[in-house]
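Structural characterization, general
Chain by chain, the residues run as shown.
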Amino acid sequence: MEKRLQGLEKKILIEAGETPAVVYEMKKQVDSFREKLESVEHLSWLGLFKDLSEGTHKPSPFYHKRTLHKTREECEHVREKFLHMSSLEVSEEVRQYLKTPTFDNWQWEDAEIMVLLQVMYTDLDFIPTFNIEPEVLQQFLFEIYRRYNNIPFHNFKHCFCVTQMMYGLIWLTDLRSKMDSIDLLIMLTSAVCHDLDHTGYNNAYQINAQTELALRYNDISPLENHHCAVAFEILERTESNIFRNLSTDQYKRIREGIIKCILATDMSRHNEVLNKFKSILPVFDFTNKDHRDVLMTILIKVSDISNEARPMEVAEPWLDCLLQEFFNQSDVEKLEGLPVTPFMDRDKVTKPSSQTGFIRFVLLPLFIELANLFPCLEQHIIDPVRKALDYYTKMEKALETEQQNRAQSENAAKSKEAAGGRQDSQTDAGPDTSEPESQLT
Ligand SMILES: Nc1nc2c(ncn2[C@@H]2O[C@@H]3COP(=O)(O)O[C@H]3[C@H]2O)c(=O)[nH]1
Ligand SMILES: [Zn+2]
């Protein structure tokens, strides 16, 4: 509209020699319309962002500067790179490294990540077992890449990390000898799909803001239901349906499994899922389907929150990304007058405070139960988490000491200032009788 108006203005200017008042009026209306659109957060996917840096809070560095969804150009560029690279052989060294929780995602760009996901499907023998055509797997992976948004944390790289941890756990625990291929396919594909089209605002926000998702799913795990629905939207299309050569019964079982796994990632169900696992642990039986189903939900939950099980140089940038997304949500909650999610509030949370509580009360209790079933995991996922807890506990103490020191020196400076002020006023008013020295003089 703006462009057409500019064109019209130019034409009139050439023909009439000056801009008529009616054009000025129209320009004013277009400006005010743009302003209106830019201030409406829920229209952000139009690419018309309200820049939160105008507010009193420090702006999130890039969150609002980007469009939520990937652009067509961005996708095509990555797709071309991916297709080009997918024919290249991935070295044995990388294939082995990919099976370990020490894998560093930050060293790989998105097209390479897609190749690595392809390697996972290949090395778990899914291609021949389920008769998956390479082009269909590539199309599936491309759609997955496309439907993760440009947000700080719940993005395609997070999808990869969760899937890679799941993949690592499958190898470390030798699950291939304990569960059948369909279960493994369910686990890996659930991890790939588990946060599809996340917008960077959690369920509490969805429900409080009465978003479209909350309305659609009646406030019941709106996000997880959506991630799952998007997954099956992709799988409904023949060209990206990696399950298209399976029997109806196999497809049914896979669909049921994926739905269970993705819905279990809703953290409001954390205790429910963990308690179920604890109750069957003493009698855990791999031949029991119910037991295997619960284990699958635990494995996806562990993978989903496993950043702190990674080396510090991999984990710490993830925490920055998470806090960026958290702070953005709480900023928006404040702006919209919604209840502010306490653990996302930049005025209340610090890096170490966020991690010590999370590791103590959420991560370790969950990881320890999984390690009860698979003691070999202790060194791979529990030891690094304990190290991280130690690191953040020390950081928290250092921060507290620094705050105390700062408060003390501020108080000292204030008292000094007050004393100086008093002395000045006393000089004006006459001798200070309270001071021994002045009494002597
Ligand atoms: N504080 C903290 N929270 C985490 C971490 N990893 C995951 N989470 C939380 O766990 C949640 C898992 O589900 P979500 O992806 O919805 O959102 C995630 C975050 O809220 C972490 O390292 N630190
Ligand atoms: Zn996730």
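As named in an unreviewed UniProt entry, the protein is Phosphodiesterase, taken from Haplochromis burtoni. Under the UniProt heading Pathway (unreviewed entry), the note attached to the protein is "Purine metabolism; 3',5'-cyclic GMP degradation; GMP from 3',5'-cyclic GMP: step 1/1." Recorded in UniProt under Sequence similarities (unreviewed entry), the annotation for the protein is "Belongs to the cyclic nucleotide phosphodiesterase family. PDE9 subfamily."

Overview of the confidence of the model for the protein
On average, residues of the protein score 88 in pLDDT, and 83% of them reach the 70 mark or higher. The low-confidence segment residues 36-62, where pLDDT is below 50, has 37 contacts with residues more than four positions distant or belonging to other chains. Contacts from residues 427-441, a stretch scored under 50 in pLDDT, to residues over four places away or in other chains number six contacts. For this predicted complex, the interface score ipTM comes out at 0.99, alongside a pTM of 0.81.

Describing the coordination of the zinc ion (ligand 2)
All of the protein donors around the zinc ion (ligand 2) are His158 (NE2), His194 (NE2), Asp195 (OD) and Asp304 (OD); their distances to the metal are 2.1 to 2.2 Å. Here the zinc ion (ligand 2) is ringed by four donor atoms whose angles at the metal span 83 to 170°, and the overall shape comes out irregular. Read in sequence order, the donor residues coordinating the zinc ion (ligand 2) give the pattern H-x35-H-D-x108-D. Of the two residues, histidine 158 is situated in helix H8 (residues 156-172) and histidine 194 in the loop between helix H9 (181-193) and helix H10 (203-208); the sequence distance between them amounts to 36 residues. Take histidine 158 and histidine 194: they sit in the same class, and that class is buried.

Quick notes on the site of ligand 1
Taken together, His154, Met267, Asp304, Ile305, Leu322, Phe326, Ser354, Gln355 and Phe358 make up the full set of residues near ligand 1. Between ligand 1 and histidine 154 there is a distance of 2.6 Å, counted from an oxygen atom to a side-chain nitrogen or oxygen. One of the side-chain N or O atoms of glutamine 355 is found 2.7 Å from a nitrogen atom in ligand 1. Alone, ligand 1 offers 470 Å² of accessible surface; in the complex the protein occludes 87% of this. If you list the elements that add at least two residues to the shell around ligand 1, you get helix H16 (312-336) and helix H17 (351-373).

With respect to the state of the cysteines
According to the stated counting rule, one finds zero disulfides in the structure shown. Unpaired in terms of disulfides, cysteine 193 finds its nearest cysteine sulfur in cysteine 159, a separation of 7.7 Å. Of all cysteine sulfurs, the one in cysteine 161 lies closest to cysteine 321, which takes part in no disulfide; the gap is 9.8 Å. A relative accessible area of 15% means that cysteine 321 is categorised as buried.

Concerning the UniProt feature "binding site: Zn(2+) 1" (unreviewed entry) in the protein
In this numbering, the UniProt entry assigns the feature "binding site: Zn(2+) 1" (unreviewed entry) to His158, His194, Asp195 and Asp304. These annotated residues cover 147 residues of sequence, and their C-alpha atoms lie no more than 9.9 Å from one another, placing them together at a single site. Residue class for histidine 158 comes out buried when judged on its relative accessible area of 2%. Residue contacts for histidine 158: discarding those within four places in its chain leaves Phe153, His194, Asp195, Asp304 and Trp318. Structurally, aspartate 304 can be placed in helix H15 (residues 289-304).

What to know about the nonpolar core
Judged by nonpolar contacts, the single largest core of 97 residues is most densely connected at Tyr121, Phe140, Ile144, Phe367 and Leu370. If we skip the residues at most four places from it in the chain, phenylalanine 367 touches Val302, Ile305, Ser306, Ala309, Ile381, Ile382 and Val385. Among the nonpolar cores identified, the runner-up in size contains 13 residues, and Trp318, Cys321, Phe327 and Val349 belong to it.

Quick notes on the rules
- Here the residue numbering is sequential within each chain, running from 1 through the sequence in written order.
- Chain labels run from A onward and ligand labels from 1 onward, assigned in the order the entries are written.
- Two thresholds apply to this predicted model, a pLDDT of at least 70 for residue-level local features and 80 or more for giving and counting side-chain atom pairs, whereas whole-chain, interface and lining totals are computed over all residues.
- Side-chain numbers come from the whole structure's heavy atoms, not from hydrogens or water.
- UniProt positions are given in the numbering used here, feature names are shortened, and annotations may be inferred rather than shown by experiment.
- For every residue, the pLDDT score states the predictor's confidence, bounded by 0 at the bottom and 100 at the top.
- Two residues form a contact once any of their heavy atoms are found within 4.5 Å.
- Donor atoms: N, O and S within 2.8 Å of the metal, or within 3.2 Å for Na, K and Ca. Because water is excluded, sites can look incomplete.
- Under the classification used here, a metal with four donors is tetrahedral if each angle lies between 85 and 135 degrees, square planar if opposite donors are over 155 degrees apart and the others between 65 and 115, a six-donor metal meeting that same test is octahedral, and anything else is irregular.
- Strands here mean DSSP runs of E at least two residues long; helices mean DSSP runs of H or I at least four residues long; both are numbered from the N terminus.
- Partly exposed describes any residue whose relative accessible area lies between the buried limit of under 20% and the exposed limit of over 50%, with all areas from a 1.4 Å probe on protein chains only and scaled to the type maximum.
- Near, as used in this document, describes a residue that has one of its heavy atoms within 4 Å of the molecule or strand being considered.
- Two N or O atoms form a polar contact when they lie within 3.5 Å of each other; inside protein one atom must be a possible hydrogen donor and the other a possible acceptor, and for residues adjacent in sequence the pair counts only when both atoms belong to side chains.
- Surface accessibility in these figures is a Shrake-Rupley result with a 1.4 Å probe; residues are shielded only by whichever protein chains are displayed.
- In what follows, a disulfide is any cysteine sulfur pair within 2.5 Å.
- Buried Ala, Val, Leu, Ile, Met, Phe, Trp, Tyr and Cys residues that are joined via side-chain atoms within 4.5 Å together make up what is termed a nonpolar core.

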